[in-house]
Structure formats: structure tokens, C-alpha cells
Amino acid sequence: MTEAVIVQAVRSPIGRAGKGSLKDVRPDDLLAQMIDAALASIPELDPAQIDDLMTGCAQPAGIQGYNIARIAALQLGLDSVPGTTVHRYCSSSLQTTRMAFHAIKAGEGDVFISAGVESVSHFGAGKSDGMPDTKHPRFAEAMARTAANAADPDFVWSDPRTRGELPDIYIQMGDTAENVAQLKSVSRRAQDEWAVLSQNRAEAAAMRGFWETDITPVRLADGSLVTTDDGPRRGVTLEAVSAMNPVFREHGTVTAANCCPLNDGAAALVIMSDAKAAELGLTPLARIVATGVSALSPEVMGLGPVDAVSRALASARMSIGDMDIMELNEAFAAQVLPAIDEIGIDPERVNVNGGAIALGHPFGMTGARLATTAIHALQERDEQFAIETMCVAGGQGMALILERLS
């Protein structure tokens, strides 16, 4: 049976949006640099053999519009390489990896690039190229309900569908985290403790030199190189994190310290059929075992990983006990903790080098970034299986299982 294997995985440093190291880099340039780096490391591959370049982007408009995947291909002189830009919010480049996996399994190609990019610096407030408000008026009542609930210190979330009401599809992500914290009784202290753990693990990984393996430098316009993430923060303590004020609800528990920041970054995976990799004499890094996607109320989207992981494991005919590590995107500590509990995995195996709270979450990049980091973590730990998963805006979850091959 044909297998889909990852033969190269690269990711840029992650910059802080609006003020960090990559704030002046165009997203199409950032994407092109990562694709170029991935292909440069595989001289055996003739770019004319690439069947498709698929790029995830959570805000594919404005400067990130016009099919950024094809723009990157043309920048690199890859005129014969098709390109498509895919949008599934935070899991956009996990979706492109899934598409490559499915295409190879279906026999519809042998070589694909699955990439992801996001530059919130270029698509932040006031930088949306004057895009109009496109919210459907049917959800006006749901949006008003969210605002009223947020102001109520005694509010505890319940599914609006049980009351015959529409959910708030446009709810801001911080409100979803507060809903999950209330629904699952996740304390402020537990969230802060996880945030500190994420920062401390990422700092420890930096001291071991792990991120030097994981990161591919980005060249700036002045010729200088960005070689490290703008995060994590060094020496983070529970005392400091506990002093932060809630940012989404006056009586809430979600702070700037226990959720991910806004970021810029790009990543790229080169995915082949195992037969093509063998033909080129390449040793694959990992095999894509299975994927899963799920949906739930957008108002508690943070719990999306639970069902997505279950679906991926069922497809692979595996159990969570077979997974050596998990890369769970840390949108909010409030959703990470109940997801870990309901998935049933040992927290010591989750985000072993820290997660998005410390490193950042450039939306379209994250799916490919998690795969890259998972592969390198398996190599460092000499382990075999990893599962990556994330919650997704709009009320979804996605998951991907990888088996390390080298």
C-alpha cells in the first residue's frame, strides 16, 4: 500500500506581531523563503516533479490574498508548480498536509508541498485593505447574547442548540476560552501553572539547543538573519503570571500570560509517496499515519481536539497510549487542560518543549509547525509516534498522527 512520507520539514522563527523580528517581512516573501529552504535541502528532487503547492493561511486576503501559494511559487521560478491557498483557520496547514496525504493515498500524485503562513503584523487592526463587515445578520442575536453573558459574573455556558438558538459563529476566541473554563471548572491557578510550564519547557529546550534544530533562519532585507523565536520568556514564574489581569472578561480567568500571543511565521513540509522517496534515494523523516477532523459548538471550540484525536486514533486503529508525545496547540491554557484530561494522555507527554503560549501561534503556519517540531522532538527523544492536534475557530478540531522513520 502506498504511504505518504515527510522527507523535509522546515519552519521559520516565530515573530511577535507588530513589534517583533518579522514584522517588516511580507508574508509571501516569508513563505517563499521556507519553501526555498525545504527544496534546497533536497537536490535530488526536480521541482518540475512537484504535483501541487498547498498553503494554509487563516486570513487569505489583503497582502495575504491573491492565492499566496502561487505567488510564492512564481517568486521562486517554479512556474510549472500549481498553487492553492487553503483556509481552515488555525488548522489551515494541517488541512494542506491532510490533502497531500489523501492525494498520495488516492494515487493522484507523488510529490507535494504542504506549507503554512501568517503575518498578523500585516493583517492586524487597520490592515485589512478596507474589507467590509461580512457577518450574517442571522447571528446578530447570538452575538448580542455573547456580549451579555460576558458581562455576567455568574454566567456558565450551556449549548444554545438545546434552547433552539443559533450559536455565535463570530465569537471572539477569548470568549470561547472563558466559556470552556467555566464549563469545565478550570481554575485561574491551573491555567497560570500550565502557562509557566510551557514557558519553562521552551526555555529548557533552548538551553539544550533544540530550537537550533527546529528553526530555519529568515533573511531580512538588510541581509541579517533571524535565527530564534521572539518568545519564549526566560525565568517565568507563577508569581509574575498570577499578577496579570483578565483581558476578555472583567470577572474572567484568561490573561495575556495564559494564552498565545499574536504572531508571524511560515513553515513547509515536503511530502512524497514512499515509492518516490525510494526512487530518489531519500530517507523519509516520518510517515503520515492518519488524520481526523471534528466539529462542535463554536462557543466552546477549545474542546475540538478531543473528538479529532479520537477520530484520528480510530482511523489508525491505535490508542492514545500508543502515542509517545502530543503537540497540542496552546491557544489558551483554559482549553488545553480539559482537552488533555478528556483525551486521557499524560501531561508529561504533551508539548514536551513548550507550546504556543511560549512560542506563539501564527495561525496558518501552526499545523506545519507542529508537525516539524513533533518530528524533531521524536528524533531527540528516540521515540516513534506523535499526534498533533488543535482547536479551530468556528467550532472544529483537527489531529494528525505521525510515525518517525529516521
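Details of the structure are given in the entry above.
The paragraphs below set out a description of the structure included in this document. Quick caveat, the model's predicted, so the values are computed rather than measured. (Residues numbered from 1 in each chain as written. Predicted model: local features only at pLDDT ≥ 70, side-chain atom pairs only at ≥ 80, totals over all residues. Heavy atoms only, no water.)

1. Remarks on the overall build of the protein
Okay, step 1: A tally of helices and strands in the protein yields 13 helices and twelve strands.
Okay, step 2: The C-alpha atoms of the protein give 20 Å as radius of gyration, which agrees with the globular expectation for 406 residues (22 Å, within 12%).
Okay, step 3: Across its three principal directions, the C-alpha atoms of the protein cover 65 × 50 × 45 Å.
Okay, step 4: Roughly 15900 Å² of accessible area belongs to the protein as shown, and the carbon and sulfur atoms make up 50% of that amount. (Helix = DSSP H or I, 4+ residues; strand = E, 2+ residues; numbered from the N terminus. Rg over C-alpha atoms; globule rule 2.2 N^0.38 Å. Areas by Shrake-Rupley, 256 points an atom, 1.4 Å probe, with all protein chains shown as cover.)

2. Here's the deal with the pairing of strand β5 (residues 111-119)
Okay, step 1: When you tally the buried positions in β5, you get nine out of nine residues, the bulk of the element.
Okay, step 2: Alternating residues of β5 divide into Val-111, Ile-113, Ala-115, Val-117 and Ser-119 and Phe-112, Ser-114, Gly-116 and Glu-118, and every residue in both groups is buried.
Okay, step 3: Relative to strand β8 (residues 263-273), β5 is paired through nine bridges, and the arrangement is antiparallel. Within β8, the position partnered with Ser-114 by the bridge is Leu-269. (Buried < 20%, exposed > 50% of the residue type's maximum accessible area, 1.4 Å probe, protein only. Pairing = 2+ DSSP bridges.)

3. Examining the packing of aromatic side chains
Okay, step 1: Counted according to the given criterion, the structure contains three aromatic pairs.
Okay, step 2: Between Phe-139 and Tyr-170, the aromatic rings sit 5.7 Å apart at their centres with planes inclined by 80°, giving edge-to-face as the arrangement. With a gap of 31 residues between them, Phe-139 in the loop between β5 and α4 (140-150) and Tyr-170 in the loop between α4 and α5 (173-183) connect regions that are remote in the sequence.
Okay, step 3: Judged by its relative accessible area of 18%, Phe-139 is buried. (Phe/Tyr/Trp six-rings, centres within 6.5 Å; stacked < 30°, edge-to-face > 60°.)

4. Focus on the environment of Thr-162
Okay, step 1: One can find Thr-162 in the loop between α4 and α5.
Okay, step 2: A residue is classified by how much of its surface remains accessible, and Thr-162, at 66% relative accessible area, is exposed.
Okay, step 3: Among the polar contacts listed, one links the side chain of Thr-162 to the backbone oxygen of Asp-159, at a separation of 2.6 Å. (Polar contact = N/O pair within 3.5 Å; in protein donor to acceptor, adjacent residues only side chain to side chain.)

5. Thoughts on the packing of α5 against helix α11 (residues 333-343)
When two helices pack together, their arrangement is given by the angle between the helix axes and by the axis-to-axis distance.
Okay, step 1: Taken N-terminus to C-terminus, the directions of α5 and α11 make an angle of 45°; their axes are 8 Å apart at the nearest point. When the axis of α5 is compared with that of α11, the two are oblique. Where α5 crosses over α11, the two elements pack in a sense that is left-handed. Here Ala-177, Val-180 and Ala-181 of α5 come into contact with α11, specifically with Ala-334, Gln-335 and Pro-338.
Okay, step 2: Among the residues making up the contact of α5 with α11, the classes are represented as five nonpolar, one polar and no charged. (Axes fitted to C-alpha atoms, helices over the stretch in contact; angles between N-to-C directions. Parallel < 35°, antiparallel > 145°, perpendicular 65-115°, else oblique. Left-handed = near helix turned anticlockwise from the far one by under 90°. Contact = heavy atoms within 4.5 Å. Nonpolar A, V, L, I, M, F, W, Y, C, P; charged D, E, K, R; others polar.)

6. Re the layout of surface pockets
Where empty space is left in the structure can be found by rolling a water-sized probe over the atoms.
Okay, step 1: Of the volumes computed, that of the largest pocket is approximately 1700 Å³.
Okay, step 2: Along the walls of the largest pocket sit 49 residues, with Gln-59, Val-120, Met-173, Leu-262 and Phe-363 positioned nearest its centre.
Okay, step 3: Put simply, the parts of the chain that give the lining of the largest pocket at least two residues each are α5 and α8 (238-242).
Okay, step 4: Every residue along the wall of the second largest pocket is listed here: Glu-203, Ala-206, Gly-209, Trp-211, Glu-212, Ile-215, Thr-227, Thr-228, Asp-229, Gly-231, Pro-232 and Arg-234.
Okay, step 5: Contributing elements (two or more residues each) for the lining of the second largest pocket: α6 (188-208) and α7 (210-214). (1 Å grid on protein atoms, 1.4 Å probe; cavity = no way out; pocket = protein on both sides within 12 Å on 5 of 7 lines; lining within 4 Å. Points joined across faces, edges and corners; volume = space filled by probe spheres on them.)

7. Quick word on the pattern of salt bridges
Okay, step 1: Within this structure, the stated rule accounts for 22 salt bridges.
Okay, step 2: Close ionic contact of Glu-3 with Arg-287 constitutes a salt bridge, the shortest N to O distance being 3.4 Å. Placement of the pair is Glu-3 in the segment before β1 (4-11) and Arg-287 in strand β9 (residues 286-295), with a sequence separation of 284 residues.
Okay, step 3: Measuring nitrogen to oxygen at the nearest pair gives 2.9 Å for the salt bridge that ties Arg-311 to Asp-307. Of this pair, Arg-311 and Asp-307 both sit in helix α10 (residues 304-316), separated by four residues, roughly a single helical turn.
Okay, step 4: On the basis of relative accessible area, Arg-311 is assigned to the partly exposed category, the value being 44%.
Okay, step 5: The exposure class of Asp-307 is partly exposed, given its relative accessible area of 30%.
Okay, step 6: Through salt bridges with shared partners, a single ionic network connects Glu-3, Lys-105, Arg-287 and Glu-403. (Salt bridge = Lys/Arg side-chain N within 4 Å of Asp/Glu carboxyl O.)

8. Digging into unusual backbone geometry
Okay, step 1: Omega for the bond connecting Gly-231 with Pro-232 falls within 30 degrees of zero, at 0°, which places this linkage in the cis form.
Okay, step 2: Following the sequence through the fold, Pro-232 ends up in the loop between β7 (225-226) and α8.
Okay, step 3: The residue Tyr-66 is not glycine, and still its phi comes out positive at about 60°.
Okay, step 4: On the secondary structure map, Tyr-66 appears in the loop between β3 (52-56) and α2 (68-75).
Okay, step 5: Residue Tyr-66 is classed as exposed on the basis of its relative accessible area of 75%.
Okay, step 6: Notably, Asn-67 is not glycine yet its phi reads approximately 55°, a positive angle.
Okay, step 7: When you line up the elements, Asn-67 lands in the loop between β3 and α2.

9. Concerning the nonpolar core
Okay, step 1: In this structure, Ile-6, Trp-211, Leu-269, Ile-271, Ile-288, Ile-375 and Leu-402 are the most contacted members of the largest nonpolar core, which totals 41 residues.
Okay, step 2: With seven residues, the top contributor of residues to this core is helix α13 (residues 366-381).
Okay, step 3: Those residues within four positions of Ile-6 in sequence are excluded, and the remaining contacts are Leu-269, Val-270, Ile-271, Pro-284, Leu-285, Ala-286, Ile-288, Ile-375 and Leu-402.
Okay, step 4: Ranked by size, the runner-up nonpolar core spans 35 residues in total, among them Leu-22, Ala-73, Ile-113 and Val-270. (Core = buried A, V, L, I, M, F, W, Y, C linked by side-chain atoms within 4.5 Å.)

10. Comments concerning the side chain of Glu-403
Okay, step 1: Mapped onto the secondary structure, Glu-403 falls in strand β12 (residues 396-404).
Okay, step 2: Not counting chain neighbours up to four residues away, the residues in contact with Glu-403 comprise Leu-285, Ala-286, Arg-287, Val-289, Gln-384 and Phe-385.

No statement about biological role is implied by the geometric values presented.
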